[in-house]
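Survey of secondary and tertiary structure
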Amino acid sequence: MRSMDIRPCSSLVQEGPLMKSLSVEGHFTFDRNEFAAMDFGNRFHFLPSAVLHPKNTLDIAATIRHVWEMGPGSELTVAARGHGHSLQGQAQVLHGIVINMESLNGKEVQVYRGRLPYVDVSAGELWINVLHECLKYGLAPKSWTDYLHLTVGGTLSNAGISGQAFQHGPQIQNVQQLEVVTGKGEVIICSKEKNADLFHGVLGGLGQFGVITRARISLERAPKMVKWIRVLYSDFSTFAEDQEQLISMENAFDYIEGLVIINKTGLVNNWRSSFNPEDPVQASKFISEGRTLFCLELTKSFNPHEIMKVDKEIRSLLSQLSYIRSTLFVTEVPYVEFLDRVHGAELKLRSKGLWDIPHPWLNLLVPKSKIHRFSEVVFGGILRDTNNGPVLIYPMNQSKWDNRTSFVTPEEDIFYLIAFLHHAVPSSTGSDGLQYLLSLNNKVLDFCEREHLGVKQYLPYYTTQEEWRAHFGPKWEVFARRKSAYDPLAILASGQRIFQKGVSIL
Ligand code: FAD
């Protein structure tokens, strides 16, 4: 489904009546709302009729309550928009109301020190700002995404996954309390102890049960520096074995990810410029020869006085791994620079006009028992000639995911995140063009389906409820029950295309 309709339609939200019957401290805009019809995927463009720029939670509650009171006869729907970094219009709503969550920014980031420190933040806050505030107290959240210019509410509605998830779980595992506005306009505080069903529902809930307005996130002591390490493998089994061994170890590395390097002759050297080879002579002799390579990426955090101890620990840990010995690359950077690493790439791409282009990304969670078959067919076949953006791969432990949240994982103790982060060259009809890359994604999905690999999509995208039912599997009934409890008219986040207003939920 694609819409290029960016004409405002005022039949559903009329400026006069809406403004009159609603008393908000923030304001609505009815024109120049094109930003709300854009997202990172840059493929779907649905123009809302109005954008609410809320000043506080009550503005959001009043707006949703207003739509709720219009009853099932109205087609009006509402979507929270974080930083608009969705891929397929999930935060958009054609002719409805978008809530610009970022206008809540900067309100009361409160850090609580103590034995179990936490931060209370507005859900429209960017993670990068949360980090900077916490660092003032020598603290930081434990679990991250690779890119920090995303909102707290946006990633908690999905999961929030990065290389720390193997030991801390995803971001949704590190939340103590939420303030939520339901689809009836009620403001509810929830946690594991209080209104637990709503709490678990909204975590990974794709915006279906309420708008998260505030979140309380667990913190830990922040290190000052990280050792950042990359090593290469040419054999997938050895690479996967090492990754799996590392995620089973306590207190080994703090971050574990990986990259698949496909169809790059020579270019493999690109990232080495910012890393120092352990053995420059041997490293300079290493040539990829177009082979598919697997790069293991690790960090170990430290404070400057611990450097000797940390170096020793790293040497000992690396000696247990089976990477190609000449390909050990290490660098040392401030913790904040490591966490904000993708922003540098963003600025470069923006300066070349390469950020606001279509991004046909595909993110999958693949069970451990199927990862070898997946690698053989996808990296060795379907993607063999492709090179249109990074391909990430790293395993996580199921035990770090709370099954009570809305998030669905594959049913195995270990599963891998595989992220195909393609970018499409606008107007190209070749192998770097949108249609070609979408067809590759479809080939991967068809293969997973055909071979019953038990794969789950992350940042899932489906167009029919049948597909959503299959995605949630045994969790569908709980998901649908929560929808009828907290957003019975299906007002919220219609851009996910799970429920439709006016169509029975169960
Ligand atoms: P939006 O795209 O604005 O919203 C996403 C969905 O959540 C929409 O349905 C929206 O209606 C809903 N929503 C937004 N705010 C709220 C709220 N407060 N309450 C309820 N519902 C809400 N993800 C990872 O897990 N790990 C990564 O490493 C990672 N890296 C990324 C790197 C880049 C460059 C990009 C573009 C995305 C990355 N993502 C990653 C994906 C990211 O987590 C999702 O795209 C997320 O949706 C983006 O957050 P956002 O704040 O832009 O949310």
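Residues numbered from 1 in each chain as written. Predicted model: local features only at pLDDT ≥ 70, side-chain atom pairs only at ≥ 80, totals over all residues. Heavy atoms only, no water.

**Brief notes about the overall build of the protein**
- Looking only at helices and strands, one finds 15 helices and 19 strands in the protein.
- Taking 2.2 N^0.38 as the reference for a compact globule, 506 residues should give roughly 23 Å; the C-alpha atoms of the protein span a radius of gyration of 23 Å, in line with that estimate.
- Considered along the principal axes of its C-alpha atoms, the protein spans approximately 75 × 55 × 45 Å.
- With 506 residues in all, the protein has 57% of them scored as buried.
- Restricting to contacts in the protein with at least 6 residues of sequence separation, those with at least 24 account for 75%.
- Looking at the protein as shown, the accessible area adds up to about 21300 Å², and 51% of this sits on carbon and sulfur atoms. (Helix = DSSP H or I, 4+ residues; strand = E, 2+ residues; numbered from the N terminus. Rg over C-alpha atoms; globule rule 2.2 N^0.38 Å. Buried < 20%, exposed > 50% of the residue type's maximum accessible area, 1.4 Å probe, protein only. Contact = heavy atoms within 4.5 Å. Areas by Shrake-Rupley, 256 points an atom, 1.4 Å probe, with all protein chains shown as cover.)

**Considerations on helix H13 (residues 434–450)**
- Compared with an ideal rise of 1.5 Å per residue, which puts 17 residues at 24 Å, H13 spans 24 Å between its outermost C-alpha atoms and is within 8% of the ideal.
- Those residues of H13 hidden inside the fold are in contact with strand E16 (362–367), helix H12 (371–382) and strand E18 (414–420).
- After H13 finishes, the residue His452 shows a positive phi value of roughly 50°. (Expected span 1.5 Å × (residues − 1).)

**A word on the site of the ligand**
- Taken together, 33 residues are adjacent to the ligand, and Ala80, Gly82, Ser86, Thr151 and Tyr458 come closest.
- Between the ligand and Asp146, the relevant distance is 2.7 Å, taken from an oxygen atom to a main-chain nitrogen or oxygen of the residue.
- Within the backbone of Ile212, one N or O atom sits 2.9 Å away from a nitrogen atom of the ligand.
- Of all the secondary structure elements, the ones that give two or more residues to the shell around the ligand are strand E3 (78–81), helix H4 (152–156) and strand E10 (210–221).
- Its residues assigned to classes, the shell around the ligand comprises 14 nonpolar, 17 polar and two charged. (Near = heavy atom within 4 Å. Polar contact = N/O pair within 3.5 Å; in protein donor to acceptor, adjacent residues only side chain to side chain. Nonpolar A, V, L, I, M, F, W, Y, C, P; charged D, E, K, R; others polar.)

**Here we look at the domain arrangement of the protein**
- Taken domain by domain, the protein comprises domain 1 (10–102 + 481–496), domain 2 (110–221), domain 3 (225–339) and domain 4 (345–461).
- Residue-level contacts link 24 residues of domain 1 with 26 residues of domain 2.
- Buried surface at the junction of domain 1 and domain 2, both sides included, amounts to about 2200 Å², of which 62% is carbon and sulfur.
- On the domain 1 side of the interface with domain 2, the three residues burying the most area are Thr57, Arg482 and Tyr486, jointly 30% of the side's total.
- Our enumeration of links across domain 1 and domain 2 arrives at two salt bridges.
- Of the charged contacts in the structure, one is a salt bridge between Arg482 and Asp197, with a shortest N-O distance of 3.1 Å.
- At the boundary of domain 1 and domain 2, one finds twelve residue pairs in polar contact (both at pLDDT 80 or more). (Domains from an automatic or database assignment. Buried area = accessible area lost by both parts, 1.4 Å probe. Salt bridge = Lys/Arg side-chain N within 4 Å of Asp/Glu carboxyl O.)

**A few points about the packing of aromatic side chains**
- The tally for this structure, following the rule as stated, stands at 30 aromatic pairs.
- On the numbers, 6.0 Å between centres and 50° between planes, the contact of Phe236 with Phe239 is tilted. Of the two residues, Phe236 and Phe239 are both situated in helix H7 (residues 236–247); the distance of three residues between them amounts to about one turn of the helix.
- Here the aromatic cluster, defined as three or more aromatic residues joined through ring pairs, consists of Tyr233, Phe236, Phe239, Phe294, Phe374, Phe379, Phe420 and Phe447. (Phe/Tyr/Trp six-rings, centres within 6.5 Å; stacked < 30°, edge-to-face > 60°.)

**Looking at helix H2 (residues 57–69)**
- A rise of 1.5 Å per residue sets the reference length of H2, with its 13 residues, at 18 Å; its end C-alpha atoms lie 18 Å apart and thus fit the reference within 8%.
- Backbone nitrogen of Leu58 and a side-chain oxygen of the N-cap are separated by 3.2 Å at the start of H2; the cap is Asn56.
- The first or second residue beyond H2 is Gly71, which carries a positive phi of 75°.

**Topic: empty space enclosed by the protein**
- This model, assessed by the stated rule, comprises two cavities of 30 Å³ or more.
- Lining the largest cavity, in full, are Asn158, Gly204, Leu206, Ser406, Phe407, Val408, Gln457, Tyr458, Leu459, Pro460, His471 and Phe472.
- At the level of elements, strand E19 (456–458) and helix H14 (465–472) are the ones that each hand at least two residues to the lining of the largest cavity.
- In terms of residue class, the lining of the largest cavity is made up of seven nonpolar, five polar and no charged.
- In terms of lining, the second largest cavity is formed by Ile172, Gln173, Asn174, Val175, Lys192, Phe199, His200, Leu203, Asp402 and Thr405.
- Grouping the constituent residues of the lining of the second largest cavity by class yields four nonpolar, four polar and two charged. (1 Å grid on protein atoms, 1.4 Å probe; cavity = no way out; pocket = protein on both sides within 12 Å on 5 of 7 lines; lining within 4 Å. Points joined across faces, edges and corners; volume = space filled by probe spheres on them.)

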